[in-house]
Amino acid sequence: MSETPISRRRLIAGAGAGLLLSGCDRLNQSPAFRSVLQQAEGLHMASQRLIGGREALAREFTPADLSASPRANGNVTAQDEGWRRHRDSGFADWSLKVFGLVERPLALPLSALRALEQRDQITRLDCVEGWSAIGQWQGPRLATVLDMARLQPQARYIVFHCADRMGAVPYYESIDLIDAFHPQTILAWRMNGAPLPESHGAPLRLRVERQLGYKHAKFVMALEARASLAGLYGGRGGYWEDHSDYAWYAGV
Ligand SMILES: Nc1nc2c(c(=O)[nH]1)N[C@H]1C(S)=C(S)[C@@H](COP(=O)(O)O)O[C@H]1N2
Ligand SMILES: [Mo]
């Protein structure tokens, strides 16, 4: 009986395979991530995740910690004409598109997103400009939606296409599969107990709790699974990454 922990420690110390066996059980439950793990790059990402702690959870707060008047930053409305029509009809016929390297492209109305298993979390957004805000966010895990769409094995990044523009250029962002399958990464349609307000990215925004504010794409219209960020606008994976010195990976 007392031998089990020792042999487990030996296994972990002994080999990368041991690390995978001991540490990846939760991620392994996702069929999409399993197909990634079957490849060399997937193995590399998995060890990075264990060493760098990217699977660690962001701090969650209590209702007493909620910001009294949460700031809205960047664009507080969207210019896309389709989005404007949907806003004017309460997003009743709006749907989230899922396309790219998926077996099953999807168009999910808000009712479908609301019917999925939900996460409800009180978390803090840290903006690179030096302020932060604590809010309550609800929505399905991004992982749930990606598993419905079934990622193809070449998929490495999830890109978020937004309805707002910076000048002539739409806002866009991207994350890798470690953050995409992180348990706190959600597609939030509800903030502080009410439908997501326009200024915070109605009808749907990304919450990627281990990264800075500019990664939390608002006004999300579509998700695209890609093998590479090359060929996506400037190739650096996000609007600010392409137009400033902001890093693509912005861990907090
Ligand atoms: N589509 C879109 N998403 C965006 C932005 C934006 O201008 N457009 N601004 C980003 C920045 S810099 C921050 S700090 C957060 C602000 O989120 P909030 O408005 O809910 O506070 O949204 C991020 N997501
Ligand atoms: Mo920001």
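Residues numbered from 1 in each chain as written. Chains lettered and ligands numbered in written order. Predicted model: local features only at pLDDT ≥ 70, side-chain atom pairs only at ≥ 80, totals over all residues. Heavy atoms only, no water.

## Notes on the sheet that holds strand β4 (residues 132-140)
And then number 1: Read across the sheet, 4 strands follow the order β3-β4-β8-β9 without closing on themselves; strand pairing throughout is antiparallel. The two strands at the open ends of the sheet, each matched to only one other strand, are β3 (118-126) and β9 (194-195).
And then number 2: Where β3 and β4 come together, 9 bridges link them in antiparallel fashion. Among the inter-strand pairings, Asp-126 is bridged to a residue of β4, identified as Ser-132. (Pairing = 2+ DSSP bridges. Helix = DSSP H or I, 4+ residues; strand = E, 2+ residues; numbered from the N terminus.)

## Details of the site of ligand 1
And then number 1: As a matter of local geometry, ligand 1 sits amid 21 residues, with Arg-71, Asn-73, Asp-164, His-200 and Lys-218 nearest to it.
And then number 2: Arg-205 is positioned such that a nitrogen or oxygen atom in its side chain is 2.9 Å from an oxygen atom of ligand 1.
And then number 3: In this structure, a nitrogen atom belonging to ligand 1 sits 3.0 Å away from a main-chain N or O atom of His-216.
And then number 4: Look at ligand 1: alone it shows 530 Å² of surface, and the protein chains cover 97% of it.
And then number 5: If you tally residues by element for the shell around ligand 1, the top one is strand β5 (residues 157-166), at 3 residues.
And then number 6: Tallied by class, residues from the shell around ligand 1 come to 10 nonpolar, 7 polar and 4 charged. (Near = heavy atom within 4 Å. Polar contact = N/O pair within 3.5 Å; in protein donor to acceptor, adjacent residues only side chain to side chain. Areas by Shrake-Rupley, 256 points an atom, 1.4 Å probe, with all protein chains shown as cover. Nonpolar A, V, L, I, M, F, W, Y, C, P; charged D, E, K, R; others polar.)

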